[in-house]
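Now for the letters of each chain:
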Amino acid sequence: MTDQEQLNSEYDAVIVGAGFGGMYMLHHLRELGFSAIVLERAAGVGGTWYWNRYPGARCDVESINYSYSFDPAFEQEWVWSEKYATQPEILRYANHVADRYDLRKDIRFEVLVDKAVWNDTTNRWSVSMATGETLTAQHYIMASGCLSHSKLPEIPGVESFKGKTYHTGHWPHEGVDFTGLRVGVIGTGSSGIQSIPIIAEQASQLTVFQRTPNFSMPAGNRPLTAEIVAAVKARYPEHREENRTSGFGVGVEIPTKSALEVTEEERNAKYQDGWDQGNLVGMLLAFNDMITNKEANDTACEFIRNKIRAVVNDPETAEDLCPFDHPMGTKRPCLDTGYYETFNRPNVKLVNLRKTPITEITPTSIRTHNAEFEVDAIVYATGFDAMTGALVAVDIRGKGGVTLKDEWEHGPRTYLGLCVAGFPNFYTITGPTSPSVFSNMIVSIEQHVDWIGAAMKHLRDTGAVSIEPTLEAQDWWVQHNNEAGDATLYPLANSWYMGSNVPGKTRVLMPYIGGVGVYRTECDEIVADGYRGFTLHEARQPVSV
Ligand code: NA7
């Protein structure tokens, strides 16, 4: 079928995004006998892993867990080479999936979806592209990712810089050679922390501009031995089930003790264990009150700060690298390879923007309150308008022409992070108020895809034309999400979880912290209760506005 013929067709579902969510959604809908097309702005599959090609980009969920589980034969065949897979290896995996399941013939690349409008009369979505083309579908599924809408910093003069600029989320495919260059990196989240050690090896001078120090620990990455792989594969089904019923999407021992009820030695031994294993979830769940009790959390913070002080030679730099402004884990903690050691290099300088903020970027430099740093290249590791950015970037209009952007002006409102009241047959894979970024994303993606597929099948089987949550159910879920968040320390941080990295964005904890297993049970029970909290419309009944 040519592209044009495809566009003239009508689909059961339009899926936006060919990352891990969109690819599995397409495969699953085909298995269920639905027609579907994926629209993707990139030239290839992989989503996050297509765009984020910066040096050192690596997943910080173990590769044996950060992989699809829907095909038992495939999970047995694929062999990951390292504990934490690199971006190129994950992208190879994504491309292999696209080939293996023959997905590309139903994916249109390099198209930007700019508008999607629900039609109350036809009970279908019209989805428009920047090219001016439109197609229609009964179901509209956003698989656009939680961290896909990148953002530059709001610094005067950003556009004026005459040297080379890069954003970690849009890295050139051919790579960048910084050899002999004076480089400035702005931002010390995961992307900055992973790329800084590698850029430092090439640059003649690297200046790191840090607004907020982050908690990072050594990844302890290593090749996966045949024995380790065989042991996991021997019980892959059980292993996956443990992930599905866990808190963060990876099965770990559930802690029973408070950090405050054990001796300092016992506590530090536990932290050291997590540290040695390079295990973020192990650290977050070292004790049962790590993310709920500030005093307990402080003990882990001090453990990590002492690690930083032990590595970094210059005491002032070490202190500047120590986070004090947020509890450990409430901003996304990082795994690194030689990050703190990098600041012992003679060609690396840390600028603490809390002491001396950036005032402007000039054609040749980054200027702070009291100094000017001439640079040849600037790397913006400044992150994303997370969770909602990619969703509201499309002009999505539900019943009565109401826009998602307006509905979410004061924060995202959804039922289960999956559906939105007033937007029939609209689904968000790993949407806000679902566990999403508080989980191993692929575990959550698979759960959402399976749930959406089952809902679409239910409509088909019962002859209903549309499904949407009631306002009451949605209000209940939003309140539940907020209460779950308020019981933790997450609201204490200015994080992208809270939307606080985007000026003007409403401050609310967007991902659901109730846990992957608890959430899955809730979603399943809602279905078992006859789609509790949803309204299903029969074909002959017009959908009321
Ligand atoms: P993050 O984690 O949002 O990090 C962005 C960094 O950029 C962070 O250190 C920000 O400081 C910094 N930033 C943003 N704007 C500015 C300005 N204007 N001036 C100085 N510094 C600024 O994005 P990443 O790409 O590193 O990681 C995203 C996720 O990908 C990560 O959490 C993993 O889940 C994978 P701030 O902390 O806001 O003070």
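Residues numbered from 1 in each chain as written. Predicted model: local features only at pLDDT ≥ 70, side-chain atom pairs only at ≥ 80, totals over all residues. Heavy atoms only, no water.

**With respect to the pattern of salt bridges**
This structure, assessed with the given rule, holds 29 salt bridges. Among the salt bridges present, the one from Arg 124 reaches Glu 10, with a minimum N-O distance of 3.9 Å. With Arg 124 in strand E5 (residues 124-129) and Glu 10 in strand E1 (residues 10-16), the pair connects residues that are 114 residues apart, well separated along the chain. Because the salt bridges share partners, they merge into one network encompassing Glu 302, Arg 305, Arg 309 and Glu 319. (Salt bridge = Lys/Arg side-chain N within 4 Å of Asp/Glu carboxyl O. Helix = DSSP H or I, 4+ residues; strand = E, 2+ residues; numbered from the N terminus.)

**Topic: the sheet that holds strand E16 (residues 377-380)**
One open sheet accounts for five strands, arranged E7-E16-E8-E9-E12; its pairing is parallel. Sheet topology places strand E7 (164-167) and strand E12 (348-352) at the edges, where each strand pairs with a single neighbour. Here the average twist between neighbouring strands, direction ignored, is 15 degrees. Here E7 pairs with E16 via four bridges, running parallel. Each residue of the ladder has a partner; that of Tyr 166, found in E16, is Val 379. On top of the sheet, helix H6 (residues 190-202) reaches strand E8 (182-186), strand E9 (205-210), E12 and E16; it is set at about 155 degrees to E9, its chief contact. (Pairing = 2+ DSSP bridges. Axes fitted to C-alpha atoms, helices over the stretch in contact; angles between N-to-C directions. Contact = heavy atoms within 4.5 Å.)

**Thoughts on the site of the ligand**
Surrounding the ligand, one finds 19 residues, the nearest of these being Thr 188, Ser 191, Arg 211, Thr 212 and Lys 331. Gly 189 places a main-chain nitrogen or oxygen 3.4 Å from an oxygen atom of the ligand. The side chain of Ser 191 places a nitrogen or oxygen atom 2.6 Å from an oxygen atom of the ligand. Here the ligand has 770 Å² of accessible area as a free molecule, and 87% of this is covered by the chains. Of the residues belonging to the shell around the ligand, the class tally is seven nonpolar, eight polar and four charged. (Near = heavy atom within 4 Å. Polar contact = N/O pair within 3.5 Å; in protein donor to acceptor, adjacent residues only side chain to side chain. Areas by Shrake-Rupley, 256 points an atom, 1.4 Å probe, with all protein chains shown as cover. Nonpolar A, V, L, I, M, F, W, Y, C, P; charged D, E, K, R; others polar.)

**Quick notes on the state of the cysteines**
Counted under the stated rule, the structure contains zero disulfides. Not part of a disulfide, Cys 301 finds its nearest cysteine sulfur in Cys 322, a span of 10 Å. For Cys 419, which is in no disulfide, the shortest distance to another cysteine sulfur is to Cys 523 and amounts to 9.5 Å. With relative accessibility at 2%, the residue Cys 419 sits in the buried group. (Disulfide = S-S within 2.5 Å. Buried < 20%, exposed > 50% of the residue type's maximum accessible area, 1.4 Å probe, protein only.)

**Things to note about helix H17 (residues 471-486)**
Here H17 is 16 residues long and its end C-alpha atoms lie 22 Å apart, about the 22 Å a rise of 1.5 Å per residue gives. Every buried residue of H17 is listed here: Ala 473, Gln 474, Trp 477, Val 478, Asn 481, Ala 484 and Gly 485. Angularly, the buried residues of H17 cover 135 degrees about the axis, an arc narrow enough to put them on a single face. Across from the buried face of H17, at angles greater than 90 degrees, the exposed residues are Leu 471, Glu 472 and Asp 486. (Expected span 1.5 Å × (residues − 1). Arc of directions from axis to C-beta.)

**A short note on the domain arrangement of the chain**
Each domain of the chain was delimited in the assignment, giving domain 1 (3-149 + 386-538) and domain 2 (158-380). A separation of 27 Å is found between the C-alpha centroids of domain 1 and domain 2. On the domain 2 side, the residues contacting the 47 residues of domain 1 number 48 residues. Roughly 4,200 Å² of surface becomes buried between domain 1 and domain 2 when both sides are summed, with 53% attributable to carbon and sulfur atoms. By the criterion of area lost to domain 2, the three top residues of domain 1 are Tyr 54, Lys 83 and Leu 489, representing 17% of everything that side buries. Seen at the junction of domain 1 and domain 2, the total is two salt bridges. Glu 75 is paired through a salt bridge with Arg 240; the nearest N and O atoms lie 2.8 Å apart. Taken together, the connections running from domain 1 to domain 2 amount to 29 residue pairs in polar contact (both at pLDDT 80 or more). Those elements giving two or more residues to the side of domain 1 that touches domain 2 turn out to be helix H3 (48-51), helix H4 (72-77) and helix H18 (516-528). (Domains from an automatic or database assignment. Buried area = accessible area lost by both parts, 1.4 Å probe.)

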